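Topology and contacts: notes
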Amino acid sequence: MSANERLHIGIMGAGAIGGYVGGRLAAKGAVEVTLIGRRTLADAIAENGLTLRDFDHEDRVDASKVRIEEDPHLLSSCDVVFCCVKAGATAKVAKTLANVLQPTTVIVSLQNGVRNHEILREALPGNPVLPAVVGFNVIIRDGAVFQRALSGPLIIETRPEGQDRALVNALRAAGIDAEEVRPIAPEQWTKLVSNLNNAVGALSGSSTRDMILSRQYRRVIALLLDEALDVLDRAGVHAAKFRGVPLRIMSLIMKLPTPIVRLVVRAQLRVDPEARVSMWTDLERRRPTEVDFLNGEIVSLAEKHAMNAPANQRIVELVHNAERAGAGSPRMNAEMLLRRLKDAS
Ligand SMILES: NC(=O)c1ccc[n+]([C@@H]2O[C@H](COP(=O)([O-])OP(=O)(O)OC[C@H]3O[C@@H](n4cnc5c(N)ncnc54)[C@H](OP(=O)(O)O)[C@@H]3O)[C@@H](O)[C@H]2O)c1
């Protein structure tokens, strides 16, 4: 890719993240964008176009500017494809991409967890695969309204010789705060650790904001966090700071009184009051969650290093129980969760 070419960017899995990133790129119009997604989203876009809602402004993108299809073969002429499906679907989608893409197509995994890029590399050994960490959150509202619910950058592990400059420029031109980093593993682990609370949000049904501002929920999250940090230390895994704050300090902050936490959060994050973790949405929609790629990853790492991670293991079991029950979020309150996790520890 040269810096002057008009890139063709594909989105594999136009859900919350894929729809937002693809929509932002399409809105700018400087690159060609093809989204591969479900019929329901395509119909919603055809009817009302696509809306990108940010904290202080909203952009509407006309349906004529958004190419959204179901057939992944339309990605065959892409220079770059963003893999935006849930982690449980990566292996299946990787096989599809292996049959469809040119060997020169760059694949960027925008997924949470630390393994998706490896799954993609295994299935597409000839293609450059770049891991990325999405530091912001997006929720879908009313069909094709993509609302950014948490601020943050999009961090990509680009290649060292500047081959990905055009891609980074395209993202920045589209208003996405793209950052380059090498290696990305410390950022991926930090994102994973910061997502350990997803299981708490899924099991409780509480909004992210309510969880952060409840001392009892913070005690549950701190239990999972401290256990994970001990495992990372023992395994020699280096995790980056979270928004400039070392993870051990984050754990200390979790244990402070709520008025102080409120001040810290106000300085660090913009959180939509209604935002809920996507694992909660998965339970509510009776879809498999990513818990094995988040808390489950801590359990696996602990096992590899002759340790236990009982609280994370217990919460993985609770989420799997809820998946199997198929009745949505079990709405367990903080006291109930704390008791269950402490009993396991
Ligand atoms: N949402 C966030 O704020 C956020 C933030 C940071 C990172 N992430 C990560 O980004 C990844 C995607 O999350 P998300 O929240 O965007 O998930 P999502 O809303 O479920 O989006 C994935 C979309 O891909 C579709 N899809 C799956 N396989 C497909 C196929 N073969 N053809 C066409 N469409 C297909 C899914 O449809 P079905 O549901 O019908 O399968 C779904 O609409 C996850 O790893 C997540 O952890 C998300």
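Let me begin by describing the structure that accompanies this report. (Residues numbered from 1 in each chain as written. Predicted model: local features only at pLDDT ≥ 70, side-chain atom pairs only at ≥ 80, totals over all residues. Heavy atoms only, no water.)

1. Regarding the overall build of the chain
- Helices and strands together make up the secondary structure of the chain, namely 15 helices and twelve strands.
- Relative to a compact globule of 345 residues, whose C-alpha radius of gyration would be 20 Å, the chain shows 20 Å and is just as compact.
- Along the longest, intermediate and shortest principal axes, the C-alpha atoms of the chain span 55 × 40 × 40 Å.
- Buried positions account for 55% of the 345 residues belonging to the chain.
- Taking as baseline every contact in the chain between residues at least 6 positions apart, the subset at least 24 positions apart corresponds to 73%.
- Looking at the chain as shown, the accessible area adds up to about 15,300 Å², and 49% of this sits on carbon and sulfur atoms. (Helix = DSSP H or I, 4+ residues; strand = E, 2+ residues; numbered from the N terminus. Rg over C-alpha atoms; globule rule 2.2 N^0.38 Å. Buried < 20%, exposed > 50% of the residue type's maximum accessible area, 1.4 Å probe, protein only. Contact = heavy atoms within 4.5 Å. Areas by Shrake-Rupley, 256 points an atom, 1.4 Å probe, with all protein chains shown as cover.)

2. A look at the site of the ligand
- Residues in contact with the ligand amount to 20 residues; listed here are only the nearest, Ile17, Asn112, Val138, Arg287 and Glu290.
- Ala16 places a main-chain nitrogen or oxygen 3.0 Å from an oxygen atom of the ligand.
- At 2.7 Å, a backbone N or O of Val138 approaches an oxygen atom of the ligand.
- Burial of the ligand by the surrounding chains reaches 82%, relative to a free accessible area of 880 Å².
- When residues of the shell around the ligand are traced back to their parent elements, those giving at least two are α1 (16–28) and β9 (137–141).
- Classifying every residue of the shell around the ligand by side-chain character gives nine nonpolar, six polar and five charged.
- Each of domain 1 (8–182) and domain 2 (187–344) accounts for three or more of the residues forming the shell around the ligand. (Near = heavy atom within 4 Å. Polar contact = N/O pair within 3.5 Å; in protein donor to acceptor, adjacent residues only side chain to side chain. Nonpolar A, V, L, I, M, F, W, Y, C, P; charged D, E, K, R; others polar. Domains from an automatic or database assignment.)

3. Looking at the packing of helix α9 (residues 215–235) against helix α15 (residues 334–344)
- In contact at an axis separation of 8 Å, α9 and α15 are set at 25° when each is read in the N-to-C sense. The pairing of α9 with α15 is recorded here as roughly parallel in orientation. The crossing of α9 and α15 is left-handed. Judged by residue contacts, Gln216, Tyr217, Arg219, Val220, Leu223 and Leu224 of α9 engage Ala334, Glu335, Leu337, Leu338, Leu341 and Lys342 from α15. (Axes fitted to C-alpha atoms, helices over the stretch in contact; angles between N-to-C directions. Parallel < 35°, antiparallel > 145°, perpendicular 65-115°, else oblique. Left-handed = near helix turned anticlockwise from the far one by under 90°.)

4. What to know about empty space enclosed by the protein
- Under the criterion given, the structure shown has one cavity of 30 Å³ or more.
- Around the largest cavity, the lining residues are Gln111, Asn112, Gly113, Ala132, Val133, Gln188 and Lys191.
- At the level of elements, β8 (129–134) and α6 (185–194) are the ones that each hand at least two residues to the lining of the largest cavity.
- Across the lining of the largest cavity, the residue classes break down as two nonpolar, four polar and one charged. (1 Å grid on protein atoms, 1.4 Å probe; cavity = no way out; pocket = protein on both sides within 12 Å on 5 of 7 lines; lining within 4 Å. Points joined across faces, edges and corners; volume = space filled by probe spheres on them.)

5. Considerations on the sheet that holds strand β11 (residues 154–156)
- Reading across from one edge, β5-β2-β1-β6-β7-β8-β11-β12 is the order of the eight strands in this open sheet, with mixed pairing throughout. Each edge of the sheet is formed by a strand with only one pairing partner; in this case those strands are β5 (67–69) and β12 (178–180). Strand after strand, the sheet turns through a mean of 25° between neighbouring axes, direction not considered.
- With three bridges connecting them, strand β7 (residues 106–109) and β8 associate as parallel partners. (Pairing = 2+ DSSP bridges.)

6. Section: the sheet that holds strand β3 (residues 50–53)
- Sheet architecture is open: four strands sit in the order β4-β3-β10-β9, paired in mixed fashion. Among the strands making up the open sheet, the edge pair consists of β4 (58–61) and β9. Averaged over all pairs of adjacent strands, the angle between their axes in this sheet comes to 20°, without regard to strand direction.
- The sheet contact formed by β9 and strand β10 (residues 145–150) spans five bridges and is antiparallel. By the bridge assignment, Val138 is partnered in β10 with Arg148.
- Across the face of the sheet, α1 comes into contact with β3, β4, β9 and β10 while running at roughly 100° to β3.

7. Observations concerning the layout of surface pockets
- Its boundaries defined by the atoms lining it, the second largest pocket holds a volume of some 190 Å³.
- Lining the second largest pocket are 13 residues; nearest its centre among them are Val114, Arg115, Glu118, Trp189 and Glu297.
- Residue assignment for the lining of the second largest pocket shows that the elements contributing at least two residues are α4 (116–123), α6 and α13 (295–304).
- Broken down by element, the lining of the second largest pocket gets its largest block of residues, four residues, from α13.
- Tallied by class, the residues present in the lining of the second largest pocket amount to five nonpolar, four polar and four charged.
- Counting contributing residues per domain, the lining of the second largest pocket is built from domain 1 (8–182) and domain 2 (187–344), each supplying no fewer than three.

8. Some words on the pairing of β4
- Of the pairings in the sheet, the one linking β3 to β4 comprises four bridges and is antiparallel in character. When the bridges of β4 are listed, Leu50 appears paired with Val61.
- Counting the residues in the hairpin turn of β3 and β4 gives four residues.

9. Side note on the environment of Ala222
- Secondary-structure assignment places Ala222 in helix α9.
- We classify Ala222 as buried; its relative accessible area is 4%.
- Along the backbone, Ala222 and Phe242 are 20 residues apart, and their C-alpha atoms lie at a distance of 15 Å.
- Among all residues touching Ala222, those that are not within four sequence positions of it are Met254 and Lys255.

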